[in-house]
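Here is how the chains run, residue by residue.
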Amino acid sequence: MEKKTGEPLIHLGVLEEALNLARANSLWPMTFGLACCAIEMMAAGAARFDLDRFGAGVFRPSPRQCDLMIVAGTISKKMGPAVVRLYEQMPAPKWVIAMGNCAISGGPFFYPEMYAIVPGADLLIPVDVYVPGCPPRPEGLIEGILLLEEKITGRGRLRKFRNAAE
């Protein structure tokens, strides 16, 4: 007869780690670009940079099939509600990358008297990773996707920084 130790028969922590590893290596970004950064996003998915190597090359046209929104470019206040609507239509779990200075802070188009530009995607939706640059190179977007994968799995450099802060 086996001795009872009080441990559960199913270790959900291990299952959750396996699911997070699968999620991180099969990101499906939305085909969504607002300005010039979208050209760099398209270049990252092309043959030279090949996002498929990192598990994020299946750009989908519908938010209901995506788990990653890459906000690439300037968000105008007229476009803001559409960005929020698309984000809300994405199934959970979902992640957001703000790509370029315009998506991060409004870029050169935002100044105190500006009435038409949203000064950052994080004012509308929660952002997980920021990719700076004007426009950022495709390598920058690939680095952002790798950081997001580390954030999803809880491994890598982000874990080191988090543990150092504790």
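Since the model is a prediction, treat every value here as computed from it, not as a measurement.

Novice: Describe the overall build of the chain, with residues and values.
Specialist: Scanning the chain for helices and strands turns up 6 helices and 3 strands. Scanning the chain from its N terminus toward the C terminus, one meets helices and strands in the order α-α-β-α-β-α-β-α-α. With 166 residues in all, the chain has 36% of them scored as buried. Here the contacts in the chain between residues at least 6 apart in sequence split such that 74% fall between residues at least 24 apart. When the accessible surface of the chain is summed, it comes to about 9,900 Å², and 60% of that surface belongs to carbon and sulfur atoms.

Novice: Residues and numbers for unusual backbone geometry, please.
Specialist: Note that the residue after Ala92, namely Pro93, is joined by a cis bond; omega there is -5 degrees. Between Cys134 and Pro135 the backbone carries a cis peptide bond, its omega angle lying at -20 degrees. Summarising the element assignment, Pro135 is placed in the loop between strand S3 (129-131) and helix H5 (138-153). Unusually for a residue other than glycine, Asp50 sits at a positive phi of about 55 degrees. If you trace the backbone, Asp50 turns up in the loop between helix H2 (37-45) and strand S1 (68-72).

Novice: Could you give an account of the confidence of the model for the chain, with specific residues and numbers?
Specialist: Here the chain averages 84 in pLDDT, while 86% of its residues score no lower than 70. Per-residue pLDDT stays below 50 along residues 161-166; that stretch engages in 1 contact with residues further than four places along the chain or on separate chains.

Novice: Kindly report on the packing of aromatic side chains, identifying the contributing residues and their values.
Specialist: Where two aromatic rings form a pair, the distance of their centres and the angle of their planes describe that pair. In total, this model carries 0 aromatic pairs according to the counting rule given. Seen from the ring of Tyr87, Lys94 lies directly overhead, with NZ or CZ sitting 4.2 Å from the centre.

Novice: Just give me the short version of the sheet that holds S1, but keep the residues and values in it.
Specialist: If you trace the 3 strands from one edge of the open sheet to the other, you get S1-S2-S3, paired in parallel fashion. With partners counted over all chains shown, the strands left at the sheet margins are S1 and S3, one partner each. The sheet shows a mean angle of 20 degrees between the axes of neighbouring strands, direction not considered.

Novice: Explain the pattern of salt bridges residue by residue, including any values.
Specialist: Tallied over the full model, the rule gives 2 salt bridges. Linking Lys151 and Asp128 is a salt bridge whose minimum nitrogen-to-oxygen distance equals 3.2 Å. Highlighted residues: Lys151 in helix H5 and Asp128 in the loop between helix H4 (101-105) and S3, separated in sequence by 23 residues. Notably, a salt bridge pairs Glu139 with Arg137, separated by 3.3 Å at the nearest N-O pair. Residue Glu139 is classed as partly exposed on the basis of its relative accessible area, which comes to 40%. Arg137 sits in the partly exposed class, given a relative accessible area of 45%.

Novice: Run through the nonpolar core, naming residues and quoting values.
Specialist: Leu27, Ile70, Ile97, Leu141 and Leu148 are the most contacted members of the largest nonpolar core, which has 21 residues in total. Of all the elements, H5 adds the most residues to this core, at 5 residues. Once you skip the residues sitting within four places of it in the chain, Ile70 turns out to touch Pro29, Phe32, Met41, Phe59, Ile97, Met99 and Leu141. Residues Cys66, Val71, Ala98 and Val118 belong to the second largest nonpolar core, which totals 16 residues.

Novice: Please set out the pairing of strand S2 (residues 95-99) residue by residue, giving values where relevant.
Specialist: The buried count for S2 comes to 5 of 5 residues, which makes it a mostly enclosed element. Of the two faces of S2, the one holding Trp95, Ile97 and Met99 and the one holding Val96 and Ala98 are both buried throughout. With 5 bridges connecting them, S1 and S2 associate as parallel partners. Across the sheet, Ile70 pairs through a bridge with Ile97, a residue of S2. Since S1 and S2 lie parallel, the crossover through helix H3 (residues 80-89) that links them has a hand, and here it is right-handed. Where S2 and S3 come together, 3 bridges link them in parallel fashion. The residue of S3 that forms the bridge with Ala98 is Tyr130.

Conventions we followed
- Residues numbered from 1 in each chain as written.
- Predicted model: local features only at pLDDT ≥ 70, side-chain atom pairs only at ≥ 80, totals over all residues.
- Heavy atoms only, no water.
- Helix = DSSP H or I, 4+ residues; strand = E, 2+ residues; numbered from the N terminus.
- Buried < 20%, exposed > 50% of the residue type's maximum accessible area, 1.4 Å probe, protein only.
- Contact = heavy atoms within 4.5 Å.
- Areas by Shrake-Rupley, 256 points an atom, 1.4 Å probe, with all protein chains shown as cover.
- pLDDT = per-residue confidence, 0-100.
- Phe/Tyr/Trp six-rings, centres within 6.5 Å; stacked < 30°, edge-to-face > 60°.
- Lys NZ or Arg CZ within 6 Å of the ring centre and 35° of its normal.
- Pairing = 2+ DSSP bridges.
- Axes fitted to C-alpha atoms, helices over the stretch in contact; angles between N-to-C directions.
- Salt bridge = Lys/Arg side-chain N within 4 Å of Asp/Glu carboxyl O.
- Core = buried A, V, L, I, M, F, W, Y, C linked by side-chain atoms within 4.5 Å.
- Right-handed = clockwise from strand over helix to strand, strands pointing away.

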